[in-house]
Amino acid sequence: MAALDDGLARHAHTVAQTVRETLGEWRTRPPASNEAALSELLAYAARDVARNR
């Protein structure tokens, strides 16, 4: 087992924070389906990783 390098650790932290925020938003605005939820989370993750490059 090895530690994540700084960049990868930063990406993981940012994406995890976005997932927590999104799950909170879904309490009042749930996704239409599991597929919609997955698409939304993947889009946010891609955005977060692209921003932090």
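Residues numbered from 1 in each chain as written. Predicted model: local features only at pLDDT ≥ 70, side-chain atom pairs only at ≥ 80, totals over all residues. Heavy atoms only, no water.

A. Broad picture of the environment of histidine 13. Along the chain, the position of histidine 13 falls in helix H1 (residues 6-26). C-alpha of histidine 13 to C-alpha of alanine 46: the two residues are 33 residues apart in sequence and 13 Å apart in space. (Helix = DSSP H or I, 4+ residues; strand = E, 2+ residues; numbered from the N terminus.)

B. Structural context of the pattern of salt bridges. Enumeration according to the criterion identifies three salt bridges in this entry. Its salt-bridge partner being arginine 29, residue glutamate 25 comes within 3.8 Å of it at the nearest N-O pair. Residue classification places glutamate 25 among the partly exposed residues on the basis of a relative accessible area of 40%. Arginine 29 gets classed as partly exposed once you look at its relative accessible area, which sits at 40%. For arginine 47, the salt bridge goes to aspartate 48, with nearest N and O atoms at 3.0 Å. Classification of arginine 47 by relative accessible area gives partly exposed; the value is 33%. (Salt bridge = Lys/Arg side-chain N within 4 Å of Asp/Glu carboxyl O. Buried < 20%, exposed > 50% of the residue type's maximum accessible area, 1.4 Å probe, protein only.)

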